[in-house]
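What follows is each chain in one-letter form.
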Amino acid sequence: MIRPLRSPVAALLLGTAPLHAQDAPLSAIDWLDNTPTVTLDMGLPLTEDPVSKGVSTPTINVSPLSETSQDAVGLLPSNVTGLPASLWSASDADTLAELVDAQRPEVLPAMQALLYTLLLAEADAPRETGVTNELLLARVDKLVEMGALEQAEALLERAGPTTPSLFKRWFDVTLLMGQETRACEALMAAPHLATDYASRIFCTARAGDWRAAALTLDTAKALGLISEEMDALLLRFLDPELFEGEPLLVAANGPDPLKFRLYEAIGEGQTAARLPRPYAHADLRDTAGWKAQLEAAERLARTSALHENALLGIYTEGSPSASGMIWDRVAALQAFDRAMTAQDIRDVSDTLPQAWAAMQQVHLEVPFARLYGPHLLQLPLQGVTARLARDIALLSSDYERAARSGPRDFLAGLALGAPPRTPTDPVHRAIADAFHDAGVPQEISTMLARGQLGESLLTAMDLMDDGAAGNLAALTEALATFRAVGLEDTARRAALQVALLDTRG
């Protein structure tokens, strides 16, 4: 059986950790010691040995702001990522921040992996970075957007949340992770870093000084420093008995981590499924129902913010008691997993098509391939099922072995880095051009000549997203760029994903 991940990270995500773990977040070192909750492809050329034999734990050094910009902070050093320290140094911070913000990480898992590597990379700061930390803030914001809260928290703690903008993000992330006690202890120790009164009032009350919290709320309301919605929320939080029997509040504005926790605290919790992805972590706790956990896990797995082993653990946590929609998906996956556990060839052949179709419904084909692809190659499957198993394995890390185990077609040639030169399918032709005659577009060539590698990669990633959506010229240019800078593995994986998956939706 493919065993669900049971590291401390997974235990927290699966709701099996002790309750006190909610207030004991993982540090950068803890996270790197354990299996990451994201899958990081380091993008090393297949013809070269890895720079490092494994993920190492970087030494955390604390330096005054005058000595090093916080934009240089990262969790993964160069000997892990394979990227040079000059990754950002020849580019402007604001340009890089805009490119990071523009990334669309849900399209291709190969681009997700590269994006995570860039977001977590330790590298020299960009030029003219100043003290505003635009690139660091953009990296943190993108991690949060993707739902990678542990990584965002670790990056912020490595930098040191010592400015109001960094502290605000750290405070919000800790709230989203259910660590209110830790967040408030930090705020009460450095109240000057909190830019809003609502956070101070919330934390003052949690510290036990309810009278001071109420007085501060009255003052903030009188001075117009707090919104009507937040005023109503904090009043109910401070004195719930006063509002017993009153109608439920209705969220008036967009979501906010503090508001989300306040609604939860007064017994009117918001549905996380209707909120942006980072709020899905609230539904991974064992206080949520299994259906809510499943939906949250699928959302987070689509951006690789939840490891596929953790996803499998949630899928196999119980037995579906209903049918339709998500329950059919769970039943199909469980039936296939049982067949794989038993190594029953007939059952695998019968259940694989349904399980694969179920994963296609929610765009989780690549996590499924990571879990089962290499194992499928070991089974003596026949006919249509064997071809499907080969295609699934092409989406896994064993794509070269998969290419040698099936027909010598376009996909096999692509996986081995030598696709046929003139295929008839237009998408295949655009991919093949990148592996034969196409060059790097002039704009990116100029960036590379200036030493702007990070900027070049982010630009190529934008092109790759356009290519996956149907812009065949952009597809060729992006793949040609990745190959030109030595990211052969990334190019092949991205090309295989475009060729095998429906990426135009």
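Keep in mind the model is a prediction, meaning the values are calculated, not measured. As a convention, each chain's residues are numbered from 1 in the sequence order in which they are written. The predicted nature of this model means local features are confined to residues of pLDDT at least 70 and side-chain atom pairs, given and counted, to a pLDDT of 80 or more, with totals for whole chains, interfaces and linings taken over all residues. Neither water nor hydrogens contribute to the side-chain values; these are computed over all heavy atoms in the structure.

*Asks:* Explain the overall build of the chain to me, please; I cannot follow it from the model alone.
*Replies:* Every helix listed is a DSSP run of H or I at least four residues long, and every strand listed is a run of E at least two residues long, numbered separately from the N terminus. Along the backbone of the chain there are 26 helices and zero strands. Only protein chains enter the calculation, and the probe is 1.4 Å; a residue is then buried if its accessible area is under 20% of its type maximum, exposed if over 50%, and partly exposed in between. The 505 residues of the chain split such that 56% are buried. It only takes one pair of heavy atoms within 4.5 Å for two residues to be counted as in contact. Across the chain, the fraction of contacts at a sequence separation of at least 24, relative to all contacts at a separation of at least 6, is 66%. Where accessible areas are quoted, they stem from the Shrake-Rupley method and a 1.4 Å probe; at the residue level, only the protein chains shown are allowed to cover. Surface summary for the chain: the accessible area is close to 21200 Å², and the carbon and sulfur share equals 51%.

*Asks:* Would you take a moment to explain the nonpolar core for this structure?
*Replies:* Among soluble globular proteins, nonpolar side chains are generally buried collectively. Only buried residues count toward a nonpolar core. Its members are Ala, Val, Leu, Ile, Met, Phe, Trp, Tyr and Cys residues joined through side-chain atoms within 4.5 Å. Counting 156 residues, the largest nonpolar core has Phe368, Leu376, Met464 and Phe482 as its most contacted members. If near-sequence neighbours (up to four positions away) are discounted, phenylalanine 482 is found in contact with Met111, Leu114, Leu457, Ala460, Met461, Met464, Leu487, Glu488, Thr490 and Ala491.

*Asks:* When you look at helix 8 (residues 164-176) in this model, what are you seeing that I'm missing?
*Replies:* Within an α-helix, residues lying three or four positions from one another point in the same direction, as the helix has 3.6 residues per turn. Taking 1.5 Å as the rise per residue, helix 8 with 13 residues should run 18 Å; its terminal C-alpha atoms sit 18 Å apart, in good agreement. Inspection of helix 8 places Leu166, Phe167, Trp170, Phe171, Asp172, Val173, Thr174, Leu175 and Leu176 among the buried residues, and these make up the whole buried set. Elements that come into contact with the buried residues of helix 8 comprise helix 6 (134-146), helix 7 (149-159), helix 9 (180-189), helix 10 (197-206) and helix 13 (257-265). Just past helix 8, the residue glycine 178 takes up positive phi, approximately 80°. Working rule for helices: expected span equals 1.5 Å times residues minus one.

*Asks:* When you look at the environment of alanine 469 in this model, what are you seeing that I'm missing?
*Replies:* Inspection of the secondary structure assignment puts alanine 469 in the loop between helix 24 (453-468) and helix 25 (472-484). With relative accessibility at 48%, the residue alanine 469 sits in the partly exposed group. Discounting chain neighbours no more than four positions away, the residues touching alanine 469 are Thr503 and Arg504.

*Asks:* Before we go on, may I ask you to explain the confidence of the model for the chain in this structure?
*Replies:* Caution is warranted with low-pLDDT regions, since their predicted coordinates should not be read in detail. Residue-level confidence of the predictor, termed pLDDT, takes values from 0 up to 100. When pLDDT is averaged across the chain, the result is 86; 85% of the residues are at 70 or more. Within the model, the stretch residues 1-67 combines pLDDT values under 50 with 135 contacts to residues more than four positions away or in other chains.

*Asks:* Help me out: how do you make sense of the packing of helix 8 against helix 9 in this one?
*Replies:* Note on geometry: axes are C-alpha line fits, over the in-contact stretch for helices, and angles between N-to-C directions span 0 to 180 degrees. The N-to-C vectors of helix 8 and helix 9 enclose an angle of 155°; their axes lie 8 Å apart at closest approach. By the angle between their axes, helix 8 is roughly antiparallel relative to helix 9. For the crossing formed where helix 8 meets helix 9, the hand is left-handed. Seen from helix 8, the contacting residues are Phe167, Trp170, Phe171, Thr174 and Leu175; seen from helix 9, they are Glu180, Arg182, Ala183, Cys184, Ala186 and Leu187. Across the contact of helix 8 with helix 9, the residue classes break down as eight nonpolar, one polar and two charged. To sort the angles, those under 35 degrees are grouped as roughly parallel, those over 145 as roughly antiparallel, those from 65 to 115 as roughly perpendicular, and the leftovers as oblique. Each crossing gets its handedness from the near helix: less than a right angle anticlockwise from the far helix is left-handed, clockwise is right-handed. Three residue categories are used. Nonpolar comprises Ala, Val, Leu, Ile, Met, Phe, Trp, Tyr, Cys and Pro, charged comprises Asp, Glu, Lys and Arg, and polar comprises the others, including Gly.

*Asks:* Got a minute to help me understand the packing of aromatic side chains in this structure?
*Replies:* In this description, a pair of aromatic rings is defined by centroid distance and the angle of the planes. Think of it this way: a Phe, Tyr or Trp ring, Trp meaning its six-membered ring, pairs with another when their centres are within 6.5 Å, and the plane angle makes it stacked under 30 degrees, edge-to-face over 60, tilted otherwise. Within this structure, the stated rule accounts for 10 aromatic pairs. Note on phenylalanine 336 and phenylalanine 368: the rings are 5.4 Å apart at their centroids and 35° apart in plane angle, and the pair reads as tilted. Pair noted here: phenylalanine 336 is in helix 16 (residues 326-342) and phenylalanine 368 is in helix 18 (residues 365-376), with a separation of 32 residues, a long-range link. Owing to a relative accessible area of 1%, phenylalanine 368 belongs among the buried residues under this scheme. An aromatic cluster is present here, built from Phe336, Trp356, Phe368 and Tyr372 joined pairwise through their rings.

*Asks:* Hey, could you run me through the state of the cysteines in this one?
*Replies:* Structurally, a disulfide amounts to a covalent bond that connects the sulfur atoms of two cysteines. Note on terminology: pairs of cysteine sulfur atoms within 2.5 Å are recorded as disulfides. Under the criterion given, the structure shown has one disulfide. One disulfide bridge connects cysteine 184 with cysteine 203, the sulfur atoms lying 2.2 Å from each other. What sets the handedness of the cysteine 184 and cysteine 203 disulfide is the S-S torsion sign, and at about -70° it is left-handed. Of the two residues, cysteine 184 is situated in helix 9 and cysteine 203 in helix 10; the sequence distance between them amounts to 19 residues. Across the pair, cysteine 203 and cysteine 184 agree in class, each one buried.

*Asks:* Explain the side chain of aspartate 391 to me, please; I cannot follow it from the model alone.
*Replies:* With respect to the secondary-structure elements, aspartate 391 resides in helix 19 (residues 383-393). Ignoring any residue separated from it by four or fewer positions in sequence, one finds aspartate 391 in contact with Leu411 and Leu500.

*Asks:* Just checking my understanding: could you explain a negative patch on the surface for this structure?
*Replies:* Taken together, the side chains of Asp94, Glu98, Asp101 and Glu128 present a region of like negative charge at the surface. Among the structural elements, glutamate 128 can be located in the loop between helix 5 (109-120) and helix 6. Residues qualify for a patch when their relative accessible area is over 30% and they have no salt bridge, like charges being joined within 9 Å and the nonpolar side chains of Val, Leu, Ile, Met, Phe, Trp and Tyr within 5 Å. In the sections that follow, a salt bridge refers to a side-chain nitrogen of Lys or Arg positioned within 4 Å of a carboxyl oxygen of Asp or Glu. His residues and chain termini do not enter the charge count, which takes Lys and Arg as positive and Asp and Glu as negative. Just so you know, the charge point we use is NZ for Lys, CZ for Arg, CG for Asp and CD for Glu.

*Asks:* What is the right way to look at helix 4 (residues 93-102) in this model?
*Replies:* Listed as buried for helix 4 are Ala93, Leu96, Ala97, Leu99 and Val100. Relative to the axis of helix 4, the buried residues are bounded by an arc of 165° and lie together on one face. What points out from helix 4, more than 90 degrees from its buried face, is the exposed set Glu98 and Asp101. Within this analysis, the arc is defined by the directions that extend from the helix axis to the C-beta atoms.

*Asks:* Teacher, can you tell me more about a nonpolar patch on the surface here?
*Replies:* A cluster of nonpolar residues, Tyr197, Leu223 and Leu225, forms a patch on the protein surface that exposes about 280 Å² of accessible area. By the element assignment, leucine 223 lies in the loop between helix 11 (210-222) and helix 12 (228-238).

*Asks:* What's the story with the pattern of salt bridges in this structure? I'm lost.
*Replies:* Side-chain pairs of opposite charge can arise whenever the charged atoms involved come near each other. Within this structure, the stated rule accounts for 30 salt bridges. In this structure, the salt-bridge partner of glutamate 264 is arginine 285, at a minimum N-O distance of 2.6 Å. With glutamate 264 in helix 13 and arginine 285 in the loop between helix 13 and helix 14 (290-301), this pair connects stretches of sequence that are 21 residues apart. Using a relative accessible area of 32% as the deciding quantity, one classes glutamate 264 as partly exposed. Of the residues examined, arginine 285 reaches a relative accessible area of 18% and is grouped as buried.

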